[in-house]
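Remarks on the overall topology
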Amino acid sequence: MSGFKQCIINGIKEGLISESNGERLYKNFDEVRDFYQYKKNLTKPEAEQRAAKEVYDAMKIEEAEKLRYTLQMRAKMNEIEFDFKNYRNENGEVDYANAYRAYLAQDNWSYKPNIENQATNEAKKAHSLMNNVLEQFRYGWGGMQSRKQKANKKLMVRELMGERTGNVNAQELAEAWKKTAEHLRVRANSYGMKIKSRQDWGLPQMHDTLSVRSTQKQDWIDYILPKLDLDKMVDESTGLPFTDKTIQKSLSQVYDNIATEGMANFKPGVNRMGKALHNRRLDHRFLAFKSADEWMEYQTRFGNPDPFKTMLDHINSMSRDIAILKILGPNPDATHTWAKGMIKKQSAIDAANEAKGLFKRKKTIIKDSKLRGVKKDQVKIYRTEQDRTGAILENADNLMMYHRGHLSRPVDGFFGNTFAALRQILTGAQLGGAAVMTITDQHWMRMTAKYNGLKATKANMQSVRFLAEGMKKDKKFAKLAIKLGLGAEMWSSVSAVMNRYLMEVDAPMFSKRISDAILRGSGLSHSTQANKWAFGMMALGELAEEVKTPFIKLNKNLQAQLKKYGIGEKEWDIIRTTKLYDAGIDDPSMAGKGMTFLRPDDIHARADLDEATREFLTTRLMTWLTNETNFAVPTASAKGRITLAGNARPGTVKGEIVNSGLMYKNFAITLGMTHLARGFQQQGFKGKAKYLIPMILGGTIMGSFAYEIKQVAAGKKPTKREDMGVRYWINAAIYGGGLGIFGDFLFSDQNRYGGSISKTVAGPVIGFVGDLINLTFGNVSQLASGEKTNAGKELAAFIQRYTPGNNIWYTRLVTERLIFDSLEKLLNPNYASDARRNVNRLKKQTGQEYWWGP
């Protein structure tokens, strides 16, 4: 027996090494010894000596990693414990539960970084590093890409796989991607991951779990193994090249991890979400393909053949994981469990003290006025401390599942994808006029700028520039925005703007293309992205103008906001010495035009600051910018989604009903959780009124503008001044709040699509199913009972209502008059009388007339 093996035995006997670790070291030693003895032709003593050294060195590295992991976890727990004791909720109370939830999603009483905004910021940084790749491969109308784009992508893949194409552009694109991917790897490792560097690494593999599951394990191994370059692959357990036996075992483990989404290593009671997050990023770097063709063949069968989408999916998933690690430490599941334990313990202590009169939390008191013979003030129903805490912890659990992607995966893939596709198609049929509503963003941008002590109308003007640029080929302002770190949602995904209205973007590609084509064609996608870029560019430009101003002389509102995000006088003095970014350096057309900006990335790149200071200042400044941009252009939030939908998952009856009910109501929910909440957060009645009254009045005025534009687009004359009564302005306020469809019920018992209030609350999917049943079974039932049917009229209305693109605001009227009116004339024998009735009803209800009637 070798001396190293004897050391292992002694270590186990003395309790210095666990039996499981001892067995692993034994096995590693044997494999490394056999490699040197039989593959490198060393003598047995020489092979044992080499094996002992390498296994021992690996063990030391592993121990160092464990120490780093332990220190990071302890630092994170200390940070969270400190925040628990210092966080104050809206009532000024210590509140462990809400303090922890603020780590997972935006909280109006905590301005610290959270998983949600950090994931966004990490993705924005990655976008800025590969802005040229985004510019060349950005998705066009309907998510389509040109032949030239497709050809260039293949050339880029060949360059990434080490094949020289002679194409300088492809080489530059490949280098930009490598720089981006390496940045993500380094960021992930700094927060606890263990992703090894590989100089020959080109692209990750995005595996389609369902495709892999549908293939037998050995068939999958037999398919992929000939395509792999084993000389580039290393056995993680030994650090050596693979043998025929070890590669089979490793590929078997990879298959299990893909097929079970990491749950193959799940240990009940130990880890809640499968494979540890800090180890979960190994598979995509483990597999090395022989050539670009081999990679593309595998992706076509078991993943996605589009390398651009693969890159973007990698950025999104890595950004999310980096954010989770940064906020919760290298073992997020352990941190989550520990934090919940701390909260439950404190809740139990508070509940016990509450019973003794030693603890009191401000509560909502519910009085039952219907009980006879009992005084009202004798019936008080309190929400106990443990009930309150339990509800918040359940919300926190759901937020964790949301961030880990579990709530977006359909339980039943066919069922979930079918309804996701239906929602996308319905959106294409019903949101063609939603671009008009983005006019209200001008009000929210102005309010947010003013609240932050920035120039109130500067973002509005920049927004107009972006909108005008959308009609040109040269996207210089868009490229500048991405370089500034403001992200590129509309360039980097298909149907990205859907998240503003549906809280989801996952659906079959064909349906996403339909909705994307309509929303891009209507201008909604561009105006949403333009407004976000405009606000971000304005904010960074304003900061650049203030770098010579001491903190105490900054606008009072700006001082107050920066302080909330952890940037005080000391931090500002460091930030304002950062060299400004001049856009004219990269684009000569902007030279000498004062296009200078204070870029967070330039703070992070400063060599005169230590790493911790750079990271702190950059993170806090980006957190401020991201959060306030979400106020300026109200955007869906994780907290909003979870508060209303809970843990409902697609592919379940509950999940699909919830998703239907929430369709198109997201904007109003977001306003409630941003501006409305901020208004009620202000001090005293005067402070609340000072925020809320301009918010409501401005929103109502902008809602009125949007309403009138949509009326004209529908062929109706603008509302006369004498007809602008109370109902009109209530409707305008509802429009400004993003719930215009409910304003229809102020004038009628049906919405603009002919649906009742119950159908409108239930959502478009339920409405569609109801209309389909009425059109088919309803008419059959009427025929069977001898009743008169309106099948022709209902069919014409159904076709118009559910045809994607039927109501794009600038083509709606022509389409309606020349196509759908003609169709109804053919199908509805009572068309003329119905049309006259509709014209008269409009005149009676609102006083309006048509300028181009049916």
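Residues numbered from 1 in each chain as written. Predicted model: local features only at pLDDT ≥ 70, side-chain atom pairs only at ≥ 80, totals over all residues. Heavy atoms only, no water.

**Some remarks on the overall build of the protein**
As a reminder, the rule being used: Numbered from the N terminus, helices here are DSSP runs of H or I no shorter than four residues, and strands are runs of E no shorter than two. Three labels apply to residues, based on accessible area from a 1.4 Å probe with only protein chains included: buried if under 20% of the type maximum, exposed if over 50%, partly exposed otherwise in between. We call two residues in contact whenever any of their non-hydrogen atoms come within 4.5 Å of each other. Per-residue accessibility takes into account occlusion by the displayed protein chains alone, with areas from the Shrake-Rupley method and a 1.4 Å probe.
The helix and strand inventory of the protein stands at 39 helices and 2 strands. Going through the 854 residues of the protein one by one, you find that 51% of them count as buried. Long-range contacts, defined here as pairs at least 24 residues apart, represent 72% of the contacts in the protein between residues at least 6 apart. In the structure as shown, the protein presents an accessible area of about 40300 Å², 57% of it carried by carbon and sulfur atoms.

**A closer look at the packing of aromatic side chains**
Note the cut-off: In summary, the pairing rule links any two rings of Phe, Tyr or Trp, Trp by its six-membered ring, whose centres are within 6.5 Å, and it sorts them by plane angle into stacked for under 30 degrees, edge-to-face for over 60 and tilted for everything else. Throughout this description, the term charge over a ring refers to an Arg CZ or Lys NZ atom that lies within 6 Å of the ring centre and within 35 degrees of the ring normal.
Within the structure shown, the criterion is met by 22 aromatic pairs. With a centroid separation of 6.0 Å and 65° between ring planes, the pair formed by Phe466 and Phe477 is classed as edge-to-face. Taken together, the positions of Phe466 in helix H19 (residues 458-469) and Phe477 in helix H20 (residues 476-483) put the pair 11 residues apart, joining distant regions of the chain. The pair formed by Phe466 and Phe477 is uniform in burial state, with each residue classed as buried. Among the aromatic side chains, those forming a connected cluster through ring pairs are Trp220, Tyr223, Tyr255, Phe289, Tyr298 and Phe302. Seen from the ring of Tyr581, Arg599 lies directly overhead, with NZ or CZ sitting 4.0 Å from the centre.

**Concerning the nonpolar core**
To keep things clear, this is the line we draw: In plain words, nonpolar cores are sets of buried Ala, Val, Leu, Ile, Met, Phe, Trp, Tyr and Cys residues tied together by side-chain atoms within 4.5 Å.
Ranked by internal contacts, the top residues of the largest apolar core, which has 99 residues, are Trp177, Trp220, Leu251, Leu287, Leu480, Phe597 and Trp624. The biggest single contributor to this core is helix H24 (residues 524-545), with 10 residues. Residue contacts for Trp220: discarding those within four places in its chain leaves Val212, Thr215, Leu251, Val254, Tyr255, Ile258, Tyr298 and Phe302. Among the nonpolar cores identified, the runner-up in size contains 26 residues, and Tyr103, Leu328, Ala339 and Leu393 belong to it.

**A few points about the pattern of salt bridges**
What counts is decided by this rule: In the sections that follow, a salt bridge refers to a side-chain nitrogen of Lys or Arg positioned within 4 Å of a carboxyl oxygen of Asp or Glu.
Counted by the stated rule, this structure contains 46 salt bridges. Of the charged contacts in the structure, one is a salt bridge between Arg817 and Asp821, with a shortest N-O distance of 3.2 Å. One end of the pair, Arg817, and the other, Asp821, are both in helix H38 (residues 812-827), 4 residues apart, so they sit about a helical turn from each other. Of the residues examined, Arg817 reaches a relative accessible area of 7% and is grouped as buried. Judged by relative accessible area, Asp821 falls into the buried class, the value being 8%. One network of salt bridges, in which partners are shared, links Glu93, Asp95, Arg361, Glu385 and Arg388.

**What about the packing of helix H5 (residues 115-129) against helix H28 (residues 611-632)?**
The description of two helices packed together rests on the angle between their axes and the distance between the axes. Applied cut-off: Fitting a line to C-alpha atoms yields each axis, with helices limited to the stretch in contact; the angle taken between N-to-C directions then spans 0 to 180 degrees. Between 65 and 115 degrees an angle is taken as roughly perpendicular, under 35 as roughly parallel, over 145 as roughly antiparallel, and anywhere else as oblique. All amino acids are sorted into three groups, where Ala, Val, Leu, Ile, Met, Phe, Trp, Tyr, Cys and Pro are nonpolar, Asp, Glu, Lys and Arg are charged, and the leftover types, Gly among them, are polar.
Viewed as axis vectors pointing N to C, H5 and H28 meet at an angle of 105°, and their least axial separation amounts to 10 Å. Judged by the angle between their axes, H5 and H28 are roughly perpendicular. In this structure, H5 contributes Asn117, Gln118, Thr120, Asn121 and Lys124 to the contact, and H28 contributes Thr619, Met622, Thr623, Thr626 and Asn627. Its residues assigned to classes, the contact of H5 with H28 shows 1 nonpolar, 8 polar and 1 charged.

**Section: helix H32 (residues 684-713)**
Threshold: Expected helix span is computed as 1.5 Å times (number of residues minus one).
When the terminal C-alpha atoms of H32 are compared, their 43 Å separation across 30 residues agrees well with the 44 Å that a helix rising 1.5 Å per residue should span. Following H32 by one or two positions, Gly715 has its phi on the positive side, about 90°.

**Thoughts on helix H17 (residues 413-430)**
Between its terminal C-alpha atoms H17 stretches 25 Å, which fits the 26 Å expected from 18 residues at 1.5 Å a residue. Where H17 is concerned, the buried positions are Gly416, Phe419, Ala420, Ala421, Leu422, Arg423, Gln424, Leu426, Thr427, Gly428, Ala429 and Gln430.

**Observations concerning the confidence of the model for the protein**
Put simply, the rule is: Scored between 0 and 100, pLDDT is the confidence that the predictor attaches to each residue.
The share of residues in the protein with pLDDT of 70 or more is 89%, and the mean pLDDT across the chain is 84. Helix H34 (residues 740-743) is the least confidently modelled element of the protein, averaging 50 in pLDDT, while helix H26 (residues 569-575) averages 96, the highest of any element. Across residues 268-275 the pLDDT falls below 50, and counting only partners more than four positions away or on other chains, this stretch makes 23 contacts in the model. Throughout residues 742-748 the model reports pLDDT below 50, and contacts reaching past four residues in sequence, or to other chains, amount to 27 contacts.

**Regarding the side chain of Asn121**
By the element assignment, Asn121 lies in helix H5. Using a relative accessible area of 8% as the deciding quantity, one classes Asn121 as buried.

**As for a positive patch on the surface**
Using the following cut-off: Patches in this entry comprise residues that are over 30% relatively accessible and not in a salt bridge; like charges within 9 Å are linked, as are nonpolar side chains (Val, Leu, Ile, Met, Phe, Trp, Tyr) within 5 Å. The charged-residue count follows a simple rule in which Lys and Arg add positive charge and Asp and Glu add negative charge, with His and chain termini not counted at all. For charged residues, the charge sits on one atom: NZ in Lys, CZ in Arg, CG in Asp, CD in Glu.
Positive charge collects at one region of the surface, where Arg147, Lys150, Lys154 and Arg513 lie side by side. If you tally residues by element for the positive patch, the top one is helix H7 (residues 147-160), at 3 residues.

**Looking at the environment of Ile514**
Here Ile514 is to be found in helix H23 (residues 509-522). In this structure the C-alpha to C-alpha distance between Ile514 and Gln424, which are 90 residues apart in sequence, comes to 7.4 Å.

**Overview of a nonpolar patch on the surface**
A cluster of nonpolar side chains, Val712, Val814, Leu818, Ile819, Trp851 and Trp852, forms an exposed patch at the surface whose accessible area comes to about 570 Å². At 3 residues, H38 tops the list of elements feeding residues into the nonpolar patch. Inspection of the secondary structure assignment puts Trp852 in the segment after helix H39 (831-846). Judged by its relative accessible area of 33%, Trp852 falls in the partly exposed class.

**Notes on the side chain of Ser660**
Rules: In protein, a polar contact requires one atom able to donate a hydrogen and another able to accept it; more generally it is a pair of N or O atoms within 3.5 Å, and residues adjacent in sequence count only if both atoms are side-chain atoms.
Inspection of the secondary structure assignment puts Ser660 in helix H30 (residues 653-662). On the basis of relative accessibility, which here comes to 0%, the residue Ser660 falls in the buried class. Among the polar contacts made by the side chain of Ser660, one reaches the main-chain amide nitrogen of Val765 at a distance of 3.3 Å. Setting aside its immediate chain neighbours within four residues, Ser660 contacts Ala762, Gly763, Pro764, Val765 and Ile766.

**Section: the environment of Glu23**
Among the structural elements, Glu23 can be located in helix H2 (residues 19-39). Among the residues examined, Glu23 registers a relative accessible area of 57% and is labelled exposed.

**Brief notes about the environment of Gly584**
With respect to the helices and strands, the residue Gly584 is situated in the loop between strand S1 (581-582) and strand S2 (596-597). Residues contacting Gly584, with those up to four places away along its chain left out, are Met590 and Ala591.

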